[in-house]
Amino acid sequence: MQLEQIDIAISALSVTPDREAVVDFSNVYYVGEDAIVGNPDEVYNINTPRDLAAYFIGVQKGSVYEDWVRDELVETGLMPEDHLFVYLDIKDAFEDLLEGKIGLVVLDQRPAEIAEATEAVAIVAQGMNRQRYAIAVPAGASNLQQAINETLTDLSNEGFLVDLAEQYLNIDEEDLLPIEPLPPVTPGVPPEGCVNGMAYVADLNLDDNNMSTPPQMAPGQPFRKGWRLKNIGTCTW
């Protein structure tokens with residue numbers, strides 16, 4: 001979005017100060033909360049974020065929960081940094097949890113409920129870190145932002161957003177978390193430095209676009225693949 005490659009981002013995207021420093025957001029359309037997942041064979045007593053500090057914790061890379069654990073526990077000195085485990089795929093965190101390599105996994109409530117039903121793990125606490133979901137647009141795109149807000153208002157008045165929550169999240173209207181009482185988010189300071197970006201130009205070898213006569217390679221055979229790329233970011237390289 002900062003490189004003007006897309007106009008809208010929507011994917012359970014939480015409003016945070018760091019994000020508001022570089023993009024604008026629509027009105028909040030849904031409020032979710034965290035869940036703390038543990039081993040069902042263990043006994044936990046978790047009532048505050050401070051109680052998490054005694055455990056090795058798994059989070060998904062780049063998630064708001066990674067930032068939250070860092071801010072609340074690591075940066076405050078309550079938990080050593082090497083007690084925080086960051087995963088590209090949160091399912092790997094569940095595997096490590098069941099193998100005893102970590103003690104807890106912190107993630108969104110709905111994925112946690114799915115994991116509880118499918119991964120033999122258990123939700124042991126929740127509600128410590130509510131998230132406001134909104135649609136991101138490029139900074140200054142006020143017309144687009146206004147159009148999205150008007151559409152969200154219409155969908156809300158028609159009950160369509162409630163129907164989506166019931167159909168896809170299995171959440172009844174009376175169980176939806178309120179939006180209005182949440183405190184406003186104060187935009188952070190835009191990060192210094194440039195934004196990396198690149199675009200594919202061509203294959204240098206092993207042409208992916210011409211596989212009519214693919215190279216004959218044995219399983220496990222080492223090879224080297226090259227591409228030509230174009231710098232479309234703001235960084236120099």
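A quick note: this is a predicted structure, and the numbers were derived from the prediction, not measured.

## Some points on the sheet that holds strand S4 (residues 57–60)
Right, on to step 1. Sheet architecture is open: 5 strands sit in the order S5-S4-S6-S3-S7, paired in mixed fashion. Each end of this open sheet is capped by a strand with a single partner; those strands are strand S5 (84–87) and strand S7 (122–126). Mean inter-strand twist for the sheet, computed between neighbouring axes without regard to direction, equals 30°.
Right, on to step 2. Bridge analysis of strand S3 (residues 34–38) against S7 gives 4 bridges, and the strand direction is antiparallel. Residue Ile 36 lies in a different strand from S7, and its bridge partner there is Ala 125.
Right, on to step 3. Each of S3, S4, S5 and strand S6 (104–108) is contacted by helix H3 (residues 90–98), which is oriented at about 150° to S6, the strand it contacts most.

## Points about a negative patch on the surface
Right, on to step 1. Taken together, the side chains of Asp 163, Glu 166, Asp 172, Glu 173, Glu 174 and Asp 175 define an acidic patch exposed on the protein surface.
Right, on to step 2. Position of Glu 173 relative to the elements: it lies in the loop between helix H6 (160–168) and strand S10 (198–203).

## Points about unusual backbone geometry
Right, on to step 1. Located in the positive-phi region is Ala 12, a residue other than glycine, with phi close to 50°.
Right, on to step 2. With respect to the helices, strands and loops of the structure, Ala 12 is situated in the segment before helix H1 (17–20).
Right, on to step 3. For Ala 12, a relative accessible area of 46% translates into the label partly exposed.
Right, on to step 4. Phi is positive for Ala 120, close to 60°, though the residue is something other than glycine.
Right, on to step 5. Residue Ala 120 is classed as exposed on the basis of its relative accessible area, which comes to 52%.

## Concerning the nonpolar core
Right, on to step 1. Among the nonpolar cores identified, the biggest contains 19 residues, and Ile 46, Leu 52, Ile 57, Val 69 and Met 79 are the most heavily contacted of them.
Right, on to step 2. Listed by contribution, the elements that provide at least two residues to this core are S4, helix H2 (64–74) and S6.
Right, on to step 3. Top element by residues in this core is H2. It accounts for 6 residues.
Right, on to step 4. If sequence neighbours within four positions are ignored, Ile 46 has contacts with Ile 36, Asp 51, Leu 52, Tyr 55, Leu 104, Val 124, Ala 125 and Met 128.
Right, on to step 5. In terms of nonpolar packing, the next biggest core, distinct from the first, is built from 13 residues, Ala 93, Val 105, Ala 112 and Val 121 among them.

## A look at the confidence of the model for the chain
Right, on to step 1. The share of residues in the chain with pLDDT of 70 or more is 94%, and the mean pLDDT across the chain is 89.
Right, on to step 2. Highest mean pLDDT in the chain belongs to S5 (97); lowest belongs to H1 (86).

## What to know about the packing of aromatic side chains
Right, on to step 1. Applying the stated rule across the entire model yields 3 aromatic pairs.
Right, on to step 2. Each ring, one from Tyr 44 and one from Tyr 55, has its centre 5.6 Å from the other, and the planes form 40°; the classification is tilted. Highlighted residues: Tyr 44 in the loop between S3 and S4 and Tyr 55 in the loop between S3 and S4, separated in sequence by 11 residues.
Right, on to step 3. What makes Tyr 44 buried here is its relative accessible area of 18%.
Right, on to step 4. On the accessibility criterion, Tyr 55 (21% relative accessible area) is partly exposed.
Right, on to step 5. Consider the rings of Phe 56 and Phe 85, whose centres lie 5.9 Å apart with planes at 65°: the pair is edge-to-face. On the criterion of sequence distance, the pair formed by Phe 56 in the loop between S3 and S4 and Phe 85 in strand S5 is long-range, its members being 29 residues apart.
Right, on to step 6. Among the residues examined, Phe 85 registers a relative accessible area of 30% and is labelled partly exposed.

## A look at the side chain of Asp 34
Right, on to step 1. For Asp 34, the location among the structural elements is in strand S3.
Right, on to step 2. Despite being buried, Asp 34 has no salt bridge partner; Arg 130 is the closest side chain of opposite charge, sitting 7.5 Å away.
Right, on to step 3. Of note is the side chain of Asp 34, whose polar atom sits 2.7 Å from the backbone nitrogen of Met 128.
Right, on to step 4. A distance of 2.4 Å separates a polar atom in the side chain of Asp 34 from the backbone nitrogen of Asn 129.
Right, on to step 5. When residues no more than four places from it in sequence are discounted, the contact partners of Asp 34 are Tyr 65, Leu 107, Asp 108, Gln 109, Gln 126, Gly 127, Met 128, Asn 129 and Arg 130.

Reading guide: rules and limits
Residues numbered from 1 in each chain as written. Predicted model: local features only at pLDDT ≥ 70, side-chain atom pairs only at ≥ 80, totals over all residues. Heavy atoms only, no water. Pairing = 2+ DSSP bridges. Helix = DSSP H or I, 4+ residues; strand = E, 2+ residues; numbered from the N terminus. Axes fitted to C-alpha atoms, helices over the stretch in contact; angles between N-to-C directions. Contact = heavy atoms within 4.5 Å. Patch = residues over 30% accessible without salt bridge, like charges linked within 9 Å, V, L, I, M, F, W, Y side chains within 5 Å. Areas by Shrake-Rupley, 256 points an atom, 1.4 Å probe, with all protein chains shown as cover. Salt bridge = Lys/Arg side-chain N within 4 Å of Asp/Glu carboxyl O. Lys, Arg positive; Asp, Glu negative; His and termini not counted. Charge placed at Lys NZ, Arg CZ, Asp CG, Glu CD. Buried < 20%, exposed > 50% of the residue type's maximum accessible area, 1.4 Å probe, protein only. Core = buried A, V, L, I, M, F, W, Y, C linked by side-chain atoms within 4.5 Å. pLDDT = per-residue confidence, 0-100. Phe/Tyr/Trp six-rings, centres within 6.5 Å; stacked < 30°, edge-to-face > 60°. Polar contact = N/O pair within 3.5 Å; in protein donor to acceptor, adjacent residues only side chain to side chain.

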